[in-house]
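If you want the building blocks of each chain, they are given just below.
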Amino acid sequence: MKLKKKDWILILIIVCVAGGAFLLHQVVGGKGANCVTVKVNGEIEGTYSLSEDREVSINGGTNVLQIKNGKASMVSADCPDQLCVHQKAVSMNHENIICLPNKVVVEVESSEESEFDAVTN
Amino acid sequence: MKNRVAYFGVFTALALIFSYVETLIPFHIGIPGVKLGLANLIIVIALYKMSLKETYLLSVVRVVLSGFIFGNYFSIIYSLAGGLLSLTAMALLRKKGGFSILGISIAGGVCHNIGQLVTAMIVVETFSVIYYVPVLLIAGLVTGLLIGIAADGMLKRLVNIIF
């Protein structure tokens, strides 16, 4: 079984889109991340600095977020799949940890940028 | 053909078994949503062996049953969005012609991930999941290719079965 010409075109398009999206991420985000925003059900529950180590209880205790050495990771969740707990720690701008069953989103941001977002929105 | 119902049952059972095998493989690479998609192998084969209507039915039955057995209400929604988008893309490419089973399977893998990503965006009401796009595209490409190779091998051995 060999790849046909159209297969190669398809693969090329996918790789280009993925590469483009990745570069965009690198250009737009990346530096200046200093805090994490915790959202539950699309509403902001709190913003925490990455520079101080602490543990945050989210959504009335369904999830626990740990901030340590400038990185944030989910240490516990009451959902059955535990995908967010298995995920690696986040520290880069716009990286995020999402717990779908509890609708919890933890996103890394820079505090200046969130003001900027608020203005443009 | 009179064996239609029996074959449909066999395909459903196979898809369920693959879903089960998938849950046995510990495959955490730190990115949620990336998995092999073994059950899609059955869908790809069904696409080549059954009518499109039956393939859609198989896809939905497979997702709902495996969701009830191995997953939860959320996994059904995600799998359904991914599965239907993936099957639609594969059917369109196949109809268009010029693609090998590998290309069709790759399109299916990628669209499966896109469907799930869009659903995730709607459920958690955030656009930040968009940053998973590069990883999910490449993951869909690789898993789609692997499934395509496996499906090609299986179809070669299934030439005598005609529905």
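In this text the structure is predicted, and so the values were computed from the model without any measurement. (Residues numbered from 1 in each chain as written. Chains lettered and ligands numbered in written order. Predicted model: local features only at pLDDT ≥ 70, side-chain atom pairs only at ≥ 80, totals over all residues. Heavy atoms only, no water.)

Participant: Where do I start with the confidence of the model for chain A in this structure?
Facilitator: For any part of a model where pLDDT is low, the fine detail of the predicted coordinates should not be relied upon. Residues and elements named next belong to chain A. Mean pLDDT for chain A: 80, with 86% of residues reaching 70 or above. Strand E4 (residues 63–68) holds the highest mean pLDDT among the elements of chain A, 88, whereas helix H3 (residues 111–120) holds the lowest, 49. Low pLDDT, under 50, characterises residues 113–121; the predicted model gives this stretch 4 contacts beyond four residues in sequence or across chains. (pLDDT = per-residue confidence, 0-100. Helix = DSSP H or I, 4+ residues; strand = E, 2+ residues; numbered from the N terminus. Contact = heavy atoms within 4.5 Å.)

Participant: When you look at the pairing of strand E5 (residues 71–77) of chain A in this model, what are you seeing that I'm missing?
Facilitator: All names here are of chain A. In this structure, E4 lies alongside E5, joined through 6 bridges in antiparallel fashion. Residue Lys68 lies in a different strand from E5, and its bridge partner there is Lys71. Here E4 folds back onto E5 in antiparallel fashion, the turn holding 2 residues, of which Asn69 has a positive phi close to 50 degrees. (Pairing = 2+ DSSP bridges.)

Participant: Looking at this model, I keep getting lost on the packing of aromatic side chains. Mind explaining?
Facilitator: The way to describe two aromatic rings as a pair is by their centre distance and the angle between their planes. Within the structure shown, the criterion is met by 1 aromatic pair over all chains. Above the ring of Tyr48 of chain B, the side-chain terminus of Arg94 of chain B is found at 4.3 Å from the ring centroid. (Phe/Tyr/Trp six-rings, centres within 6.5 Å; stacked < 30°, edge-to-face > 60°. Lys NZ or Arg CZ within 6 Å of the ring centre and 35° of its normal.)

Participant: Can you walk me through the pattern of salt bridges in this structure?
Facilitator: Note on pairing: side chains with opposite charge can pair once their charged atoms come close. All names here are of chain B. Counting across every chain of the model gives 2 salt bridges over all chains. A salt bridge links Glu54 to Arg4; the nearest nitrogen and oxygen atoms lie 2.9 Å apart. One end of the pair, Glu54, is in helix H3 (residues 52–70); the other, Arg4, is in helix H1 (residues 4–24), and 50 residues separate them in sequence. According to the relative accessible area criterion, Glu54 is buried, its value standing at 16%. Overall, the relative accessible area of 30% leaves Arg4 in the partly exposed class. Here Lys156 ties to Asp152 by a salt bridge, and the two come within 3.5 Å at their closest N and O atoms. Linking Lys156 with Asp152, this pair stays in helix H6 (residues 133–157), spanning 4 residues, or about one helical turn. (Salt bridge = Lys/Arg side-chain N within 4 Å of Asp/Glu carboxyl O. Buried < 20%, exposed > 50% of the residue type's maximum accessible area, 1.4 Å probe, protein only.)

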